[in-house]
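Chain by chain, the residues:
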Amino acid sequence: MRKITLIIIHCSATPEGRNLDFEACHYEHVHHRRFKDIGYHFYITRDGDIHRGRPIEQIGAHCKDHNAHSIGVCYEGGLSADGVPKDTRTMKQKGAMLALLRELRAIVPKALIVGHHDLNPLKACPCFNAVKEFKGI
Ligand SMILES: [Zn+2]
């Protein structure tokens, strides 16, 4: 297993009222961005389903300069209907994210849980304060 020091939370930057399901995200990453696979390790859709992307043993493609030592978790959403950054997580997404992070905690107990924004302040992603919200996990 590679060394993992960070669990990085993302949003898909999908506006409210629109969908980007797992298959669509996968398609975009492989066919438009030319990744070999979806960039994230986990993708949480609005219905609360947790989709497995890349195996965590493999390096993802989700956060410049931090991919080698991190796990990427993304939720579907992150923008208001008119495109402004917004925490659009549904209750099901919040519950699923919490459960997933608790599971990951057991696998990588020392990894810090951060938002993409914490590593790159130019990004609003994931549009909520992940450090604050998950500091107790
Ligand atoms: Zn991001």
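Above this text is the structure in question.
Residues numbered from 1 in each chain as written. Predicted model: local features only at pLDDT ≥ 70, side-chain atom pairs only at ≥ 80, totals over all residues. Heavy atoms only, no water.

### Observations regarding the side chain of Arg89
To keep things clear, this is the line we draw: Numbered from the N terminus, helices here are DSSP runs of H or I no shorter than four residues, and strands are runs of E no shorter than two. Remark: exposure states derive from per-residue accessible area (1.4 Å probe, protein chains only) relative to the maximum for the residue type, with buried under 20%, exposed over 50%, and partly exposed in between. Each polar contact in these results corresponds to two N or O atoms within 3.5 Å; when the atoms are within protein, one needs to be able to donate a hydrogen and the other to accept it, and residues that are neighboring in sequence are counted only if both atoms are side-chain atoms. Contacts: residue pairs with any heavy atoms within 4.5 Å of one another.
As for its position among the elements, Arg89 is in the loop between strand S6 (78-79) and helix H2 (91-107). The exposure class of Arg89 is buried, given its relative accessible area of 7%. Polar side-chain contacts of Arg89 include one of 2.8 Å to the side chain of Asp87. Side-chain polar atoms of Arg89 contact the side chain of Glu133, separated by 2.9 Å. Once residues lying within four places of it in the same chain are set aside, the contact partners of Arg89 are Tyr75, Lys94, Met97, Phe128, Glu133 and Phe134.

### Some details on the coordination of the zinc ion
Rules: Listed donors are limited to N, O and S atoms within 2.8 Å of the metal, widened to 3.2 Å for Na, K and Ca; water is not among them, so incomplete-looking sites are possible.
The protein atoms that coordinate the zinc ion are His10 (ND1), His116 (ND1) and Cys125 (SG), at distances spanning 2.0 to 2.3 Å. Sequence spacing of the donors to the zinc ion: H-x105-H-x8-C. Here His10, found in strand S1 (residues 6-11), pairs with Cys125, found in the loop between helix H3 (116-119) and helix H4 (130-133); they are 115 residues apart in sequence, far enough to count as distant. Neither residue differs from the other here; His10 and Cys125 are each classed as buried.

### Things to note about the packing of aromatic side chains
Just so we agree on the cut-off: Only Phe, Tyr and Trp rings are paired, with Trp represented by its six-membered ring, and only when their centres lie within 6.5 Å; those with planes under 30 degrees apart are stacked, over 60 edge-to-face, the remainder tilted.
Scanning all chains against the criterion turns up 4 aromatic pairs. Between the aromatic rings of Tyr40 and Tyr43, the centroid separation amounts to 6.4 Å while the plane-to-plane angle is 20°, which identifies the pairing as stacked. Relative accessible area serves as the criterion here: at 8%, Tyr40 is assigned to the buried category. Ring geometry for Phe128 versus Phe134: centroids 6.0 Å apart, planes at 85°, classification edge-to-face. Here Phe128 matches Phe134 in class, with each residue buried.

### Some details on the pattern of salt bridges
The criterion, for reference: Salt bridges are identified by distance alone: a Lys or Arg side-chain nitrogen within 4 Å of an Asp or Glu carboxyl oxygen.
Summed over all chains, the structure comprises 6 salt bridges. The partner of Arg46 in a salt bridge is Glu76, with the nearest N and O atoms 4.0 Å apart. Residue Arg46 is found in the loop between strand S3 (42-44) and strand S4 (50-52), and its partner Glu76 is found in the loop between strand S5 (70-75) and S6; the two are separated by 30 residues along the sequence. In this structure Glu76 comes out as buried when scored by relative accessible area, which is 3%. The salt bridge partner of Asp65 is Lys64, with a shortest N-O separation of 3.9 Å. A single burial state applies to Asp65 and to Lys64, both of which are exposed. Because the salt bridges share partners, they merge into one network encompassing Asp87, Arg89 and Glu133.

### Focus on helix H1 (residues 22-32)
The criterion, for reference: Throughout, the arc means that of the directions going from the helix axis to the C-beta atoms.
Restricting attention to buried positions, one finds in H1 the residues Phe22, Cys25 and His29. Taken down its axis, H1 places every buried residue within 70° of arc, on the same side. Seen from the buried face of H1, the exposed residues on the opposite side, beyond 90 degrees, are Glu23 and His32. Where the residues of H1 are buried, they touch S3 and S4. Arg34 lies just past H1 and shows a positive phi near 65°.

Keep in mind that these numbers describe shape and distance, not what the molecule does.
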